[in-house]
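The residues making up each chain are set out below.
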Amino acid sequence: MDLMQDIINRAKANKQRIVLPEGTEERTLRAADQLLADEVANIILIGNPDEIRTLATQYGLKHIEKATLLDPVNHEKKEAYAELLVQLRQKKGMTMEKAAVLVEDPLYLACLMIKAGDAEGEIAGAQNTTGDVLRPALQIIKTTPGISSVSGAFLMFVKDQSYGDDGILVFADCAVIPNPTAPELAQIAVSTAKTTKDIVGVEPRVAMLSFSTKGSAKHEMVNKVIEATHLAKEMEPGLKIDGELQADAALVSSIGQKKAPGSEIAGKANVLVFPSLEVGNIAYKLVQRLGNAEAVGPILQGMAAPVNDLSRGCSSEDIYNMVAVTANQAIGLKSEK
């Protein structure tokens, strides 16, 4: 897991403001305390400050006072954020009365802070569903230019370092879009390549996976992957990508040479793009459980600013790592401006 330490070190070297809207949740508080102790990021906790301090004392946390504590009901920028929400959502029927209520919702408040430039990223989901986390993000932060589909990637650390880059691969989409169309699949490929560059720090080699390799089977599901590969190449002409490839052809050099001779990706892939959420979700869990791989994610991709969704079964260590990942996403976005 040297990569995880590299991610943490990059975050430390260029500290970002990361907002945690579930500021009174125990695992979140424990992660925030350690992040502040290690100086990984500037942490903003949303919640009643007195309650946060009381809980910090109860849990024996020593560093929470280094965080910015923001009361969602009473703070100096409340009216400005409400006005921003009206400006963004007026065509959808947003009024000041509605906005005044929504800005007290920590998930909406976190996104408005990012939109206003008061934070660089958000982590939530320890208490809230994916839908609850994504809804305000899509309404307020929206997607990055040229991308309309948000997807979820996992960093997979496998034991056999002959795969990917020293045992590190990126899987997508494992979290969001159940049955992507060819254009959506192409966007997933482009977004995952960006995630790989920004977080893993290597050149992505993208395999578009299927049950067919280079025409070995004929089916509309195969055709979707072939079309998506072409569209991804049009979106990012310099992207190293190939498809359709079976998983063994994508990962094993000897098989890749047999099934897809001449391919610069076959046998060398470090990014695996799955044809559907069903396949991606099953695949990452099988690799994680049967292969004893470490899975970090989901990392949400395609947003104009990083917003990441946690599993409600996450640990404080998961939150810690995802804050570092989110900081790296923010650093990557800034480097492109």
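Anyway, here's the lowdown on the structure attached to this text. Just so we're clear, the structure is a prediction, and the values are computed from it rather than from any experiment. (Residues numbered from 1 in each chain as written. Predicted model: local features only at pLDDT ≥ 70, side-chain atom pairs only at ≥ 80, totals over all residues. Heavy atoms only, no water.)

## A few points about the sheet that holds strand 7 (residues 205-209)
The mixed open sheet is built from six strands, whose spatial order is 8-7-9-6-5-10. The open sheet is flanked by strand 8 (240-245) and strand 10 (294-301), the only strands paired with a single partner. Between one strand and the next, the sheet's axes are offset by a mean angle of 20°, whatever the strand orientation. In this sheet, strand 8 lies alongside strand 7 in parallel orientation, the contact comprising five bridges. Residue Ala 207 lies in a different strand from strand 8, and its bridge partner there is Asp 242. Those strands touched by helix 12 (residues 277-290) are strand 5 (151-157), strand 6 (168-172) and strand 10, and its axis lies near 20° from that of strand 5. (Pairing = 2+ DSSP bridges. Helix = DSSP H or I, 4+ residues; strand = E, 2+ residues; numbered from the N terminus. Axes fitted to C-alpha atoms, helices over the stretch in contact; angles between N-to-C directions. Contact = heavy atoms within 4.5 Å.)

## Things to note about the pairing of strand 10
Among the eight residues in strand 10, six count as buried, and that is most of the element. Examined bridge by bridge, strand 5 and strand 10 share six bridges and lie antiparallel to one another. The partner of Met 156 across the bridge, within strand 10, is Ala 295. (Buried < 20%, exposed > 50% of the residue type's maximum accessible area, 1.4 Å probe, protein only.)

## Quick word on unusual backbone geometry
Excluding glycine, residues mostly carry a negative phi; peptide bonds, for their part, are mostly trans. Between Gly 243 and the following residue, Glu 244, the backbone shows a cis peptide bond with an omega angle of 5°. Along the polypeptide, Glu 244 turns up in strand 8. Residues Gly 297 and Pro 298 are joined by a peptide bond in cis, for which omega reads 5°. Residue placement: Pro 298 occurs in strand 10. For Lys 214, which is not glycine, the phi dihedral falls at a positive 50°. As for its placement among the helices and strands, Lys 214 is situated in the loop between strand 7 and helix 9 (220-235). Non-glycine residue Asn 292 carries a positive phi angle of around 55°. What makes Asn 292 exposed here is its relative accessible area of 53%.

## Thoughts on the packing of helix 1 (residues 2-13) against helix 8 (residues 182-200)
In contact at an axis separation of 10 Å, helix 1 and helix 8 are set at 75° when each is read in the N-to-C sense. By the angle between their axes, helix 1 is roughly perpendicular relative to helix 8. Along the contact surface, helix 1 presents Leu 3, Ile 7 and Arg 10, while helix 8 presents Asp 198, Ile 199 and Val 200. Broken down by class, the residue content of the contact of helix 1 with helix 8 amounts to four nonpolar, no polar and two charged. (Parallel < 35°, antiparallel > 145°, perpendicular 65-115°, else oblique. Nonpolar A, V, L, I, M, F, W, Y, C, P; charged D, E, K, R; others polar.)

## Focus on the packing of aromatic side chains
Summed over all chains, the structure comprises two aromatic pairs. With 3.9 Å between their ring centres and 20° between their planes, Phe 154 and Tyr 284 make a pair best called stacked. Taken as a pair, Phe 154 in strand 5 and Tyr 284 in helix 12 lie far apart in primary sequence, 130 residues in all. Here Phe 154 matches Tyr 284 in class, with each residue buried. Ring geometry for Phe 171 versus Phe 274: centroids 5.3 Å apart, planes at 70°, classification edge-to-face. With Phe 171 in strand 6 and Phe 274 in the loop between strand 9 (271-273) and helix 12, this pair connects stretches of sequence that are 103 residues apart. Among the residues examined, Phe 171 registers a relative accessible area of 5% and is labelled buried. (Phe/Tyr/Trp six-rings, centres within 6.5 Å; stacked < 30°, edge-to-face > 60°.)

## Topic: helix 13 (residues 316-336)
If you check helix 13, its first and last C-alpha atoms are 31 Å apart, about what 21 residues at 1.5 Å a residue would give, namely 30 Å. With respect to burial, helix 13 is a largely interior element, 15 of its 21 residues being buried. (Expected span 1.5 Å × (residues − 1).)

## Brief notes about the nonpolar core
Counting residues in each nonpolar core, the largest one holds 62 residues, and the members touching the most others are Ile 43, Leu 45, Ile 64, Leu 155, Val 206, Met 208 and Val 323. Counting residues per element, this core draws most heavily on helix 8, which supplies nine residues. Not counting chain neighbours up to four residues away, the residues in contact with Leu 45 comprise Leu 20, Gly 23, Thr 28, Leu 29, Ala 32, Ile 52, Ile 64, Ala 67, Thr 68, Leu 69 and Leu 70. Counting residues in hydrophobic clusters, the runner-up holds 32 residues, among them Val 19, Tyr 108, Ala 137 and Val 150. (Core = buried A, V, L, I, M, F, W, Y, C linked by side-chain atoms within 4.5 Å.)

## Considerations on the environment of Leu 61
Residue position: Leu 61 is located in the loop between helix 3 (49-59) and strand 3 (68-70). When its relative accessible area of 14% is taken as the criterion, Leu 61 is described as buried. Leu 61 sits 12 residues away from Val 73 along the chain, and the two C-alpha atoms are 24 Å apart. Excluding its chain neighbours within four sequence positions, the residues that come into contact with Leu 61 are Leu 29, Arg 30, Asp 33 and Ala 56.

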